[in-house]
Amino acid sequence: QMQLVESGGGLVQTGGSLRVSCVASGRTVSSYVMGWFRQSPGKEREFVAAITWSGGIYYADSVKGRFTISRDDAKNTVYLQMKNLKPEDTAVYYCAADRDMYTGSWYYSAEYDYWGQGTQVTVSS
């Protein structure tokens, strides 16, 4: 199986930056669609960003231009670099992975087979 562990969350001021990491074990991330999702109290889990096995990158409109997803195959790690953070970015951020989803399905949390435990990101005003 594949195991995912997120880290790097914390407290940051509005306008600040933070990078969260997702370390995978058991399988190589280069063979998977890797996604970042987030969830805040009272809301559904929300798509943030994804990177496919071929290097395609996709972002939610709410984070486009501020967040960057990347993959380091040597470290088997996926990153989410967050800039110009806003209070509405406050959420638990989850890493997810899948190998056999249909093209275009990476926007949907139900399509992913593997999930990390999440890391809390809090943006203060």
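For the structure, see preceding data.
Overview of the structure. (Residues numbered from 1 in each chain as written. Predicted model: local features only at pLDDT ≥ 70, side-chain atom pairs only at ≥ 80, totals over all residues. Heavy atoms only, no water.)

## Concerning the sheet that holds strand β8 (residues 77–82)
Phase 1: Spatially, four strands are ordered β1-β3-β8-β7 in an open sheet, and the strand pairing comes out antiparallel. With one partner strand each, in any of the chains shown, β1 (3–7) and β7 (67–72) form the two edges of the open sheet. Sheet twist, expressed as the average angle between the axes of neighbouring strands with direction ignored, equals 15°. (Pairing = 2+ DSSP bridges. Helix = DSSP H or I, 4+ residues; strand = E, 2+ residues; numbered from the N terminus. Axes fitted to C-alpha atoms, helices over the stretch in contact; angles between N-to-C directions.)

## Section: the nonpolar core
Phase 1: With 37 residues, the main nonpolar core has Met34, Trp36, Leu80, Met82 and Tyr93 as its most contacted residues.
Phase 2: Dropping the residues within four chain positions of it, Leu80 is found in contact with Leu18, Arg19, Val20, Trp36, Val48, Ala49, Phe67, Thr68, Ile69 and Tyr93. (Core = buried A, V, L, I, M, F, W, Y, C linked by side-chain atoms within 4.5 Å. Buried < 20%, exposed > 50% of the residue type's maximum accessible area, 1.4 Å probe, protein only. Contact = heavy atoms within 4.5 Å.)

## A look at the side chain of Thr77
Phase 1: By the element assignment, Thr77 lies in strand β8.
Phase 2: For Thr77, a relative accessible area of 4% gives the class buried.
Phase 3: One polar contact links the side chain of Thr77 to the main-chain carbonyl oxygen of Lys75, over a distance of 2.9 Å.
Phase 4: Those residues in contact with Thr77 that lie beyond four places of it in its chain are Ser21, Cys22, Val23, Val29, Ser70, Arg71 and Asp72. (Polar contact = N/O pair within 3.5 Å; in protein donor to acceptor, adjacent residues only side chain to side chain.)

## Brief notes about the layout of surface pockets
Any empty space left between the atoms is revealed when a probe the size of a water molecule rolls over them.
Phase 1: Looking at the largest pocket, its volume works out to about 160 Å³.
Phase 2: Around the largest pocket sit 13 residues that line it, and Arg38, Lys43, Glu46, Glu88 and Asp89 are the ones nearest its centre. (1 Å grid on protein atoms, 1.4 Å probe; cavity = no way out; pocket = protein on both sides within 12 Å on 5 of 7 lines; lining within 4 Å. Points joined across faces, edges and corners; volume = space filled by probe spheres on them.)

## Topic: unusual backbone geometry
Phase 1: Unlike most non-glycine residues, Asn76 shows phi in positive territory, near 50°.
Phase 2: Checked against the element boundaries, Asn76 lands in the loop between β7 and β8.
Phase 3: A positive phi is found at Asn84, a non-glycine position, where the angle reads about 50°.
Phase 4: Relative to the elements of secondary structure, Asn84 occurs in the loop between β8 and β9 (91–98).

## A word on the pattern of salt bridges
Phase 1: Across all of its chains, the model carries five salt bridges by this definition.
Phase 2: Put simply, Arg38 and Asp89 hold a salt bridge, and the shortest N to O gap is 2.9 Å. Taken together, the residues Arg38 in strand β4 (residues 33–39) and Asp89 in the loop between β8 and β9 connect sequence positions 51 residues apart.
Phase 3: Residue classification places Arg38 among the buried residues on the basis of a relative accessible area of 5%.
Phase 4: Salt bridges here are not isolated pairs; linked through shared partners, they connect Arg38, Glu46, Arg66 and Asp89. (Salt bridge = Lys/Arg side-chain N within 4 Å of Asp/Glu carboxyl O.)

The quantities given are spatial measurements derived from coordinates; they are silent on function.
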